[in-house]
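Structural overview
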Amino acid sequence: MMTYIIRRCLYAIPVLFGVNILVFLLFFFVNSPDHMARAHLGQKRVTPEQIDAWKRERLLHLPYFYNAGWRRIGSLPAAERDNTAEFPSAGGGEYALVIEAPETPRASPPRTVRLQSSPPERLMLSADFDAQGTVNLSPETPTRRFLLRLASGASPELPVLRITFTLAAPAPTQRVLLEYKEPLSLLARLTRTIFFQRSVKMLAFQYGTSDDGKDIGAEIMKRIGPSLSITMPAFALGLFLEILLAMGIAVYRGTYVDYWALILCVLMMSISTLFYIMGGQLMLGQLLRLVPISGFDYGPYGLKFVALPVIIAVIAGLGGNVRFYRTIFLEEMQRDYVRTARAKGMPEWIVLFVHALKNAMIPILTGVVVTLPFLFAGSLLLESFFAIPGMGSFMLEAIQRQDFAVVQALVSLGSFLYIVGLLLTDISYTIVDPRVHLE
Amino acid sequence: MGKPMLMGLACMFILALVVVSACTNNPYRSSEAGRNIYYDTFHEEPKHLDPARAYSSDEYLLINQIYEPVVQYHYLQHPYTLVPLTAVSVPVPQLYDKDGQLLSPDDPAEDVAGVIYEIRLRPGIQYQDHASFAQAQDGTYRWHLQPGASFPAVEHPDALPAKDTRELRAADYVYQIKRLAHPLLECPIFPVLANYIEGFAEFRQLLEGEIAHIRAARRQAAGVFYNQEADERTNPIFLDLRQYDLPGVQIVDDLTFRITLTKSYPQFLYWLAMPFFSPVPWEVDRFYTQSAAVARNLTLDRFPVGTGPFKLAIYQPNYRVVLRHNAHFHPEKYPEEGSPENAARGLLADRGKPLPFLEEAVYVLEKESVPRWNKFLQGYYDDSEISSDVFDQAVQVSAVGGAELTDALRAKHIRLETDVAPTTYYYAFNMLDEVVGGYDTKKRKLRQALSIALNIEEYIQIFLNGRGIGAQSPIPPGIFGYQEGPQGINPIIYEWDEQLRGPRRKDLETAKRLLAEAGYTDGKSLVLFFDTRAGGPESKAFLDWLRKQFAAIGVQLQVRSTDYNQFQTKVLQGNFQLIQWGWSADYPDPENFLFLLYGPNAKVTTQGENAANYDNPRFNELFRRAENMVNSTERAALIRDMLAIAQEDAPWIWGVHPVGYGLYHAWQHNTKPLTFGGNTLKYKRIDPDLREQSRVAWNRPITGPLWGALTVLILATIPATISIYRRQRRTP
């Protein structure tokens, strides 16, 4: 059995990796970091500097898969006809001057760029530049990169680069950027990428920080408690009631109890959970005033808040499951061993609840054990309407706020939970059914 | 049925009895009953409570009660006026010319080379107790640690063992203003302030240089594996801003500081009332910008430190936020006087009493409006706004057309209060368009005709439940320049009706006549394009209504709807004829509304806020003269002339000033639905005993139906039980 478990775990790794890549592609190719930044920073005029700062804080300024080392160390918006700015450099090394493409077609194209450094002798420009360090640009210039070098000097003083930039007319959205090529090791080149920082790390459960700056891992740990406080009692109570009721109905097969119970089950299945939620809040919270309408508290004070969501969760799942379990029990009760047990004179309830139940558990378990890990994930609807600060509302809020980091983290966690659930199902199978052997 | 079964059933019955008797729908702990606590909700988790970064209403809700700028808005005066808060008096700007000579307000604006605001603070104002002030015996700060050290495992700075307080100093205000230029904080109003405060832009560059040096040094020390973001996340860069000189903000002495602006800007005082200009001591900055604090997630963004009446006691933004009375709050009294309307509302009953009245304020996160509304009705929230789906439950239109509460709410002694928002929603014509734009008589008459045809009053009735007043000009009530009565109406669109005691819209015949005079007689009809962002089913009803309005005078309205980004591009490029737009005041000065019609602010040429691209040289001239004036009769006259010009030109269809409706329980006093400023929590007073009584009376649990349901359930199983019993006993 151990070898089986180990083998399943090893199979799980490529699955998780594949899910990770898919989610990554979905998130970052459909929605580029620039779009995310604009969505978050709102409708008021957003400057390119604000977008850069936003991306930087969330590591979204890094390249997708491979980092050649280029790091932006200065940017100059060309607001006037003549613009000059000085940037402290990062010492000797390779640099690039990047002329960004104009944002709107009406914006003025760049005319000339001039580069100087102090001390001047350390600057080495490419052949595009003349002796004074000036280059003329043609009007149809797309984004251009000019490579340059700063020689390493003996003095520890960092040279300063001066860029002068002229246009035909002021163009506030036209930018000139200065980049520095940092020498990076191979490991750094592969790990300082969006894919590693925001995707691969999740395989190690390092979820990083949300787009709001909170630690996702710590937040998840805080929110699991409230989620479990609803899903666990709902699960246990629900299972207990469903088996009891299904068994009871199975005993009365063919009678009026069976008939009406079936109708009731189908009715309950057809009603949406949202109706139960609002109905429950209306009836028990508002009209009968037995429980608070919504809210949450920790510790023993939380009982009154948890009562209604648990009841609703149980009732919402009751219809479908009772119907299903009833079918299973009916099948079991027609077996020979049941007839034998009755013939031996055992009381009916022992026959049902001790012998038949054990065998009926096999199909029940396949459906039930796989949902166990999702107890941690909470219920989106319940937590939202009852203001429970659990995992479900975490996911819902992240989606509403377009917090991609959190949604990615929760999807990754969800895929892990699902795999665990499937593995647990297989293992539980062996425990319950002695005929099954896993190799 | 066996004995164990019976016993089990009996146990369950007793358990049910116990549970049901303990039932209550009170969401608060019993320890909170009868205490002087105010309960309210917030809608979304606040992102930044750092005064240099906070800019949304959920955030201001909290920090307005914790931080104290030098001035504040008077709670009860109308129109809004500034009064001192931590300052001794409202600072008066001193204007100087380039030689340093003092100018008078009558001197021409071009001579002004500098404006100095000297602010003197009141002595004896203390901060809340905070760990950042705690000092050891030898004078070193207990919690200002080196990188690598760590704090005990706490969730809140107040849980740290040592705390202290200190007196407010002018240096704290200066420190915060410097923080507004900090490159790592990205203050949203930095671009605006850089235009006015002397040396502000250069100061930011100075700080950028310092940060670059520090980063270069760290990079050299760390070598190849230097990762700037990870490094600064765990070990943030701290700049002690006391060491860097900002020429535009100088400390004069312990309690006095001076701000120098490069040009005259009277509205700067309103900025001084915003949380951006709160005091932040250097000790607090040092405390929060260290690795030990960041490791425990203690940042100024989450745990503010102020001199205000309240401090942040519990911060669980996905559940509840609690403000508690600041024990060191300086003595402040309820205002002694106010405007006649506010006096009539009973808002002067507590005049002269010490503030704040509340002990604690609890804000609970409620995202869904239905539970929020129901808990308000049950008495668990002290006030509420009215969302449109519950509007009918709350408000009905009385016989004389005003709004009053339904009987259900009046039975609970709930109050309704209304106030006009300093906001205007309008329809802008594109003055650069060849069909609707232009300044000749014909085009003017066309726009006037369309303005008369769009029945704003009907819009307010149908789509806003009557919660708004029709705008006569860009300036809403409560702002200087707004005029009540017959002189204040827009004579182009309205006539004064003595019986209504209000403006009456001119009829459609007038509109048709104006349209004909504009050149659209029979044979030639107008097709008007209305650009909008794509909306849901609610907007369909609105667009149908809009079409009907213009169809009544023979104008065909074509709606062009696109997604929001495309819509913004269209407006930016001047590619529209008519759009709906809005503006909410940053501060209560008419300049903040009239600048929307100032020619040089046209959106197409300078990306300014003048979406209609209106450019009338006479209007521009008057605006330049009036924009920086102090409120006076002369200024009022200039504004009247400007409004007359704009009303004649009709670049906008003056739309709606929305009216805020607030519902308040009887135990809550000193409330106003909409105020500038927002540091109003200190004025609120609660009667906890009345609240407790009302809650108990309104929320008696009804357990009858539960017992009934249980009984029915048990009875329903009796025939089944009997039949099992019989089946067991049956001998084959």
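Residues numbered from 1 in each chain as written. Chains lettered and ligands numbered in written order. Predicted model: local features only at pLDDT ≥ 70, side-chain atom pairs only at ≥ 80, totals over all residues. Heavy atoms only, no water.

1. A word on the overall build of chain B
Each helix and strand in chain B was counted, giving 24 helices and 25 strands. Across its three principal directions, the C-alpha atoms of chain B cover 105 × 80 × 60 Å. For chain B, with 732 residues in total, the buried portion stands at 52%. Nonlocal contacts in chain B, meaning residues at least 24 apart in sequence, comprise 71% of its contacts between residues at least 6 apart. In the form shown here, chain B has an accessible surface area of approximately 32700 Å², with 54% of it arising from carbon and sulfur atoms. Placing the 74 positive and 86 negative side-chain charges of chain B at their respective mean positions leaves the two points 8 Å apart. (Helix = DSSP H or I, 4+ residues; strand = E, 2+ residues; numbered from the N terminus. Buried < 20%, exposed > 50% of the residue type's maximum accessible area, 1.4 Å probe, protein only. Contact = heavy atoms within 4.5 Å. Areas by Shrake-Rupley, 256 points an atom, 1.4 Å probe, with all protein chains shown as cover. Lys, Arg positive; Asp, Glu negative; His and termini not counted. Charge placed at Lys NZ, Arg CZ, Asp CG, Glu CD.)

2. Observations regarding the overall build of chain A
Broken down by element type, chain A carries 14 helices and 9 strands. For a compact globule of 439 residues, the expected C-alpha radius of gyration is about 22 Å, and chain A comes in at 32 Å, more than 25% above that figure. If one aligns the C-alpha atoms of chain A with their principal axes, the spans along those axes are about 110 × 55 × 40 Å. In chain A, which comprises 439 residues, the proportion classed as buried is 46%. At a minimum sequence separation of 6, the contacts of chain A that also span at least 24 residues come to 77%. Measuring between centres, the 40 positive side-chain charges of chain A sit 3 Å from its 34 negative side-chain charges. (Rg over C-alpha atoms; globule rule 2.2 N^0.38 Å.)

3. With respect to empty space enclosed by the protein
If you walk through the whole model with that rule in mind, you get 9 cavities of 30 Å³ or more. In this structure, the largest cavity encloses a volume near 140 Å³. Broken down by secondary-structure element, the contributors of at least two residues to the lining of the largest cavity are α12 (380-385) and α13 (391-401) of chain A together with β11 (360-365) of chain B. There is about 100 Å³ of room inside the second largest cavity. Around the second largest cavity, the lining residues are S294(A), G295(A), F296(A), D297(A), F305(A), P27(B), Y28(B), Y319(B), R320(B), V364(B), K375(B) and Y381(B). Counted by class, the lining of the second largest cavity contains 7 nonpolar, 2 polar and 3 charged residues. (1 Å grid on protein atoms, 1.4 Å probe; cavity = no way out; pocket = protein on both sides within 12 Å on 5 of 7 lines; lining within 4 Å. Points joined across faces, edges and corners; volume = space filled by probe spheres on them. Nonpolar A, V, L, I, M, F, W, Y, C, P; charged D, E, K, R; others polar.)

4. A short note on the environment of R8(A)
Residue and element names in this part refer to chain A. Relative to the helices and strands, R8 is located in helix α1 (residues 2-30). For R8 and G390, which are 382 residues apart along the polypeptide, the C-alpha to C-alpha distance reads 30 Å. The contacts of R8, once residues within four sequence positions are left out, are L422, L423 and D426. Within the local environment of R8, its side chain forms a polar contact with the side chain of Y4, the two groups lying 2.7 Å apart. (Polar contact = N/O pair within 3.5 Å; in protein donor to acceptor, adjacent residues only side chain to side chain.)

5. Examining the nonpolar core
Grouped together as the largest cluster of nonpolar side chains are 135 residues, with contacts concentrated most on F257(B), I259(B) and F268(B). The biggest single contributor to this core is helix α22 (residues 633-649) of chain B, with 7 residues. Non-local contacts of I259(B), meaning those with residues more than four positions away in its chain, are made with V115(B), I116(B), Y117(B), I119(B), I177(B), G248(B), V249(B), F268(B) and L272(B). Grouped together as the second largest cluster of nonpolar side chains are 41 residues, A261(A), I312(A), L318(A) and Y325(A) included. (Core = buried A, V, L, I, M, F, W, Y, C linked by side-chain atoms within 4.5 Å.)

6. Some remarks on helix α23 (residues 688-698) of chain B
Every α-helix winds through 3.6 residues per turn, so residues three or four apart in the chain are directed the same way. Residue and element names in this part refer to chain B. Turning to α23, its buried residues number three or more, namely P688, R691, S694, R695 and W698. Each buried residue of α23 sits inside an arc of 125° when the element is viewed along its axis, so together they form one side. Exposed positions of α23 whose direction lies more than 90 degrees from the buried face are D689 and Q693. As for α23, its buried residues are in contact with β1 (37-42), α11 (369-377) and β25 (685-686). (Arc of directions from axis to C-beta.)

7. Section: the sheet that holds strand β6 (residues 114-120) of chain B
Residues and elements named next belong to chain B. Read from one edge to the other, the open sheet built from 5 strands follows the order β5-β4-β6-β8-β7, with strand pairing classed as antiparallel. Pairing within the sheet leaves two strands with one partner each, and these edge strands are β5 (102-103) and β7 (249-253). The strands that helix α3 (residues 170-179) touches are β7 and β8 (256-261); relative to β8, the one it contacts most, it runs at about 30°. (Pairing = 2+ DSSP bridges. Axes fitted to C-alpha atoms, helices over the stretch in contact; angles between N-to-C directions.)

8. Observations regarding the packing of helix α14 (residues 441-453) of chain B against helix α16 (residues 508-517) of chain B
Residue and element names in this part refer to chain B. Contact geometry of α14 with α16 gives a least axis separation of 8 Å together with a crossing angle of 155°. One element, α14, and the other, α16, form an angle in the roughly antiparallel class. The way α14 lies across α16 gives a crossing that is left-handed. Contacts from K442, K445, L446, Q448, A449, I452 and A453 in α14 reach L508, T510, A511, L514, L515 and E517 in α16. (Parallel < 35°, antiparallel > 145°, perpendicular 65-115°, else oblique. Left-handed = near helix turned anticlockwise from the far one by under 90°.)

9. Some details on the domain arrangement of chain A
When the domains of chain A are assigned, the result is domain 1 (70-183) and domain 2 (216-432). For domain 1 of chain A versus domain 2 of chain A, the separation of C-alpha centres amounts to 63 Å. (Domains from an automatic or database assignment.)

10. A look at the pattern of salt bridges
In total, this model carries 52 salt bridges over all chains according to the counting rule given. A salt bridge links E32(B) to R320(B); its shortest N-O distance comes to 3.5 Å. Within this pair, whereas E32(B) is found in the loop between α1 (3-21) and β1, its partner R320(B) is found in strand β10 (residues 320-325), the two being separated by 288 residues in sequence. Residues E32(B) and R320(B) agree in their burial class; the two are buried. Close ionic contact of R258(B) with E118(B) constitutes a salt bridge, the shortest N to O distance being 2.8 Å. With R258(B) in strand β8 and E118(B) in strand β6, the pair connects residues that are 140 residues apart, well separated along the chain. Beyond isolated ion pairs, a larger network of salt bridges with shared partners links E219(A), K222(A), R223(A), E397(A) and K367(B). (Salt bridge = Lys/Arg side-chain N within 4 Å of Asp/Glu carboxyl O.)

11. Description of the sheet that holds strand β9 (residues 310-316) of chain B
Residues and elements named next belong to chain B. The strand order across the open sheet formed by 4 strands is β1-β11-β10-β9, and the pairing between neighbours is mixed. Only two strands of the sheet have a single neighbouring strand rather than two, namely β1 and β9. Going from strand to strand, the sheet's axes swing by 20° on average, the running direction of each strand aside. Judged from the 5 bridges that link them, β10 and β11 form a sheet pairing that is antiparallel. Each residue of the ladder has a partner; that of R320, found in β11, is V364.

12. Some thoughts on the pairing of β6(B)
With 3 bridges connecting them, strand β4 (residues 94-96) of chain B and β6(B) associate as antiparallel partners. Considered in β6(B), the bridge of Q94(B) is made with I116(B).

13. Brief notes about the confidence of the model for chain A
Predicted confidence across chain A gives a mean pLDDT of 84, with 94% of residues reaching 70 or more. Mean pLDDT values over the elements of chain A span from 78, in strand β2 (residues 82-88) of chain A, up to 92, in helix α9 (residues 303-333) of chain A. (pLDDT = per-residue confidence, 0-100.)

14. Some details on the pairing of strand β22 (residues 578-584) of chain B
Inspection of the sheet shows strand β16 (residues 423-429) of chain B paired to β22(B) by 7 bridges, in the antiparallel sense. Along β22(B), the bridge assignment pairs Y425(B) with G582(B).

15. Some remarks on a negative patch on the surface
All names here are of chain B. A surface patch of like charges, here negative, comprises D106, D107, E110, D111 and E634. The topology assignment puts D107 in the loop between β5 and β6. Owing to a relative accessible area of 31%, D107 belongs among the partly exposed residues under this scheme. (Patch = residues over 30% accessible without salt bridge, like charges linked within 9 Å, V, L, I, M, F, W, Y side chains within 5 Å.)

16. As for the interface of chain B and chain A
The interface is formed by 54 residues belonging to chain B together with 55 residues belonging to chain A. Buried area between chain B and chain A, summed over both chains or domains, comes out near 5000 Å², and the portion from carbon and sulfur atoms is 49%. Its largest share of buried area at the contact with chain A, chain B owes to R29(B), E229(B) and Y319(B), together 12% of the area lost on that side. On inspection of chain B and its partner chain A, the count reaches 18 residue pairs in polar contact (both at pLDDT 80 or more). Elements represented by at least two residues in the side of chain B that touches chain A include exactly α5 (200-222), α6 (228-234), α11, α18 (564-573) and α24 (704-729) of chain B. (Buried area = accessible area lost by both parts, 1.4 Å probe.)

17. Regarding the environment of L594(B)
Residue and element names in this part refer to chain B. Among the secondary structure elements, L594 is positioned in helix α19 (residues 591-594). With a relative accessible area of 3%, L594 lands in the buried category. Separated by 32 residues in sequence, L594 and A626 have C-alpha atoms that sit 9.9 Å apart. Every residue in contact with L594, bar those within four places of it in the chain, is listed here: P474, I475, F619, F623, I639, M642 and L643.

18. Some details on a nonpolar patch on the surface
Residues and elements named next belong to chain A. Residues F17, I21, L25, F29, F65, Y66, L186, L190 and L203 make up a contiguous nonpolar surface patch of about 810 Å² in total accessible area. Mapped by element, the contributors of at least two residues to the nonpolar patch are α1 and α4 (186-191). A total of 4 residues in the nonpolar patch trace back to one element, the largest contributor, which is α1. Inspection of the secondary structure assignment puts I21 in helix α1.

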